[in-house]
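Fold and contact review
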Amino acid sequence: MSGAGALSLAASHDMPLPRICISAFSGGGGKTLLALGLTRAFAAQGIIVQPFKKGPDYIDAAWLSFAAGRPARNLDPFVLPQERLRALFLHVMTRLQAHAPNGILALVEGNRGLYDGMDTMGTCSTAELARTLDCPVILSVDCTKMTRTTAALVRGVTSFEPGLRFAGIVLNQIGSGRHETSLRRALEAYTDIPVLGALPRLAKNPLPERHMGIASSGSELSPQAQETMDTLGSLVALHVDLETVLGAARAAPPLDKDAETVLPAPVHTSLCTASTPKPRIGYVRDAALWFYYKDNLEALENAGAQLVRLSLVGAQPARPAESSHEAQHMDVDALYLGGGFPEDWTKALSSSPFVRALAAWADAGMPIYAECGGFMLLTQGIERDGKLWPMGNIFPVIAQCCQRPQGLGYVSGTVCGKNPYFPQGLCLKGHEFHYSRCLWKNSPPPFALRLHKGRGMGTLSPTDGEGTDSMDGLVYRNVWASYTHIFAPAVSCWAPNFVAAARQFAVTRGERVHG
């Protein structure tokens, strides 16, 4: 197979791929702090650490990126089958081989508990991902108010399912030297799992609100958070046997690379030829909107786009346009509005000329793809704490912010409306995480995505909750807006269709496209 966005690799049999997976008994078990500390500590040794985050996560992935000094990737068993997960993992790792004089290390941070999945069989669990990658597992064990019981839990967890490799455990929340000694003795007596380290109990959680430590661009750390990263790296280096951890990662067996592994090529690429110039797709990345998968941006580039980073809040806001005529001279051919926390920046966004110009760009036919927070910019306004902040006013709906999540978890549905990005009838998988809900001024317009799983923009029937009546996806001309986030490697048509729409818009408005 070939085509824009296709991932192809062929590697030698003896190419090592050191890798380790960090998991725990449950969410809040200390795996994120351990993963960040290990990443920072190994990076300080000159090792190229490629972090991966299991599942649909932007915030922990951002922290892992900061710790490693390179973008983290996501591995999601819900949207990708096993063979494509392995292909994606191999594609990322083999590209690092030529740039690793001091070696490479893949560090995968799991989510929730090791065996927690979507059903009683543990579908899409961290354990399933570890088996898919044949990746040794390190367990972060919260030992608060436990000694001998820790051994019972470790023994049960490590023998619960076959096919997993356990490199060892790291004891967490250790209260004293005596506490650690008791734990080590119990584990030696009742298990054969090595203890790789023991982290002392910290006076306070260094990451109480993880997203608040991320500085204004969404891609840099504040000085305080940068200091926290360094502190975690030093803490783990002091209390964890890094040499043994690295040895376990390097002892991971080779993955099957006998044949060339290919992720499916995109479809609908008739307008994406090498002879045509590159359309410019602007993506807003600042403090308000910064939820973008690295894979999504790469997919757009692989499909032929030139990406242009824009900002709505901060030192360099994007140049606005105040009319449909001026919109045709905006220096991009399409817009990608990702998710984030626009509700924290309502005043700045509401007064932004860029936001006020969105409707003019939409009327001019500019392709605009908006996910979650990006969708909120296209509403009549964002309502928070009883105050309404006007937004782009493309769709007749208000995004009302609530105290609790209004949509959380995986989404799957069928595309049911005509749009430039997805063929009708396509089964679309993704995820949602939003604290806002839709308040419709009148009857909702036609939706383009009928959900089988997930909340989306709400239901059309009196029945509340998830179900076939849950809807998402609004379309106006070349605009798509939804609460659903997609992962480009799982939706091969999205990037080439987006690029094709951007190129067509550039042609029809008669503006010279930058090559």
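The structure reproduced in this document is the subject of the present report. (Residues numbered from 1 in each chain as written. Predicted model: local features only at pLDDT ≥ 70, side-chain atom pairs only at ≥ 80, totals over all residues. Heavy atoms only, no water.)

Turning next to the packing of aromatic side chains. Throughout the structure, instances matching the rule amount to 28 aromatic pairs. Ring centres of Tyr-115 and Phe-160 lie 4.9 Å apart, and the angle between their planes is 55°; this geometry places the pair in the tilted category. Pair noted here: Tyr-115 is in the loop between strand S5 (104-109) and helix H4 (126-132) and Phe-160 is in the loop between helix H5 (148-158) and strand S7 (166-174), with a separation of 45 residues, a long-range link. Since its relative accessible area comes to 15%, Tyr-115 is described here as buried. (Phe/Tyr/Trp six-rings, centres within 6.5 Å; stacked < 30°, edge-to-face > 60°. Helix = DSSP H or I, 4+ residues; strand = E, 2+ residues; numbered from the N terminus. Buried < 20%, exposed > 50% of the residue type's maximum accessible area, 1.4 Å probe, protein only.)

Generally speaking, soluble globular proteins have nonpolar side chains that are buried together. Ranked by size, the top nonpolar core spans 90 residues in total, and within it Leu-38, Phe-42, Leu-114 and Ile-138 carry the most contacts. Looking at which element gives the most residues to this core, the answer is helix H2 (residues 59-68), with eight residues. When residues no more than four places from it in sequence are discounted, the contact partners of Phe-42 are Ile-47, Val-49, Leu-105, Leu-242, Val-245 and Leu-246. Counting residues in each nonpolar core, the second largest holds 72 residues, with Ile-281, Cys-372, Phe-395 and Ala-481 among its members. (Core = buried A, V, L, I, M, F, W, Y, C linked by side-chain atoms within 4.5 Å. Contact = heavy atoms within 4.5 Å.)

Here we come to the pattern of salt bridges. Under the definition given, this model contains eleven salt bridges. As a salt-bridge pair, Asp-295 and Arg-73 come within 3.0 Å of each other at their nearest N and O atoms. Of this pair, Asp-295 sits in helix H9 (residues 294-302) while Arg-73 sits in strand S4 (residues 73-75), and the two are 222 residues apart along the sequence. Like Arg-73, Asp-295 is buried. For Arg-384, the salt bridge goes to Asp-344, with nearest N and O atoms at 3.0 Å. With Arg-384 in strand S16 (residues 381-384) and Asp-344 in the loop between strand S14 (339-340) and helix H11 (346-350), this residue pair connects regions lying 40 residues apart in the sequence. Linked through salt bridges whose partners overlap, the residues forming this network are Arg-73, Arg-95, Asp-295 and Glu-298. (Salt bridge = Lys/Arg side-chain N within 4 Å of Asp/Glu carboxyl O.)

For the rest of this paragraph, the subject is the environment of Ala-186. Structurally, Ala-186 can be placed in helix H6 (residues 177-190). Of the residues examined, Ala-186 reaches a relative accessible area of 10% and is grouped as buried. Sequence separation of Ala-186 and Thr-149 is 37 residues, and the distance between their C-alpha atoms is 8.5 Å. Once residues lying within four places of it in the same chain are set aside, the contact partners of Ala-186 are Thr-147, Arg-148 and Ala-151.

What follows deals with unusual backbone geometry. For residues besides glycine, phi is generally negative; the peptide bonds are generally trans as well. Despite not being glycine, Cys-372 shows a phi value in the positive range, around 55°. Examined against the element boundaries, Cys-372 turns out to sit in the loop between strand S15 (368-371) and helix H13 (373-376). The backbone phi angle of Arg-477 is positive, close to 50°, even though this residue is not glycine.

As a further point, take the sheet that holds S4. Reading across the sheet, the seven strands line up as S4-S3-S5-S2-S6-S7-S8 and stay open at both edges, with parallel pairing between neighbours. Pairing within the sheet leaves two strands with one partner each, and these edge strands are S4 and strand S8 (195-200). The sheet shows a mean angle of 25° between the axes of neighbouring strands, taken without regard to direction. Across four bridges, the pairing between strand S2 (residues 19-24) and strand S6 (residues 137-142) is parallel. Residue pairing for S6: Ala-24 is matched across the bridge by Ser-140. Here helix H8 (residues 242-250) sits on the sheet and contacts S2, S5, S6, S7 and S8; the angle it forms with S2, its principal contact strand, is near 115°. (Pairing = 2+ DSSP bridges. Axes fitted to C-alpha atoms, helices over the stretch in contact; angles between N-to-C directions.)

Right, let's talk about the sheet that holds S16 for a bit. Pairing in this open sheet of four strands is mixed, and the strands run S17-S16-S18-S21 from one edge to the other. Looking at strand neighbours, the two that pair on one side only are strand S17 (387-390) and strand S21 (436-440), the edges of this open sheet. Neighbour to neighbour, the strand axes of the sheet diverge by 30° on average, direction disregarded. Summarising the sheet, S16 and strand S18 (residues 397-401) pair through three bridges and their orientation is parallel. Looking at the pairing, Glu-383 lines up with Gln-400 of S18.

Bringing the packing of H9 against helix H14 (residues 494-508) into the picture now. At a closest axis distance of 8 Å, the pairing of H9 and H14 adopts a crossing angle of 55°. With respect to their mutual orientation, H9 and H14 come out oblique. Crossing angle aside, the handedness with which H9 passes H14 is right-handed. Two secondary-structure elements touch here, H9 through Asn-296, Ala-299 and Leu-300 and H14 through Trp-494, Ala-495, Phe-498 and Val-499. (Parallel < 35°, antiparallel > 145°, perpendicular 65-115°, else oblique. Left-handed = near helix turned anticlockwise from the far one by under 90°.)

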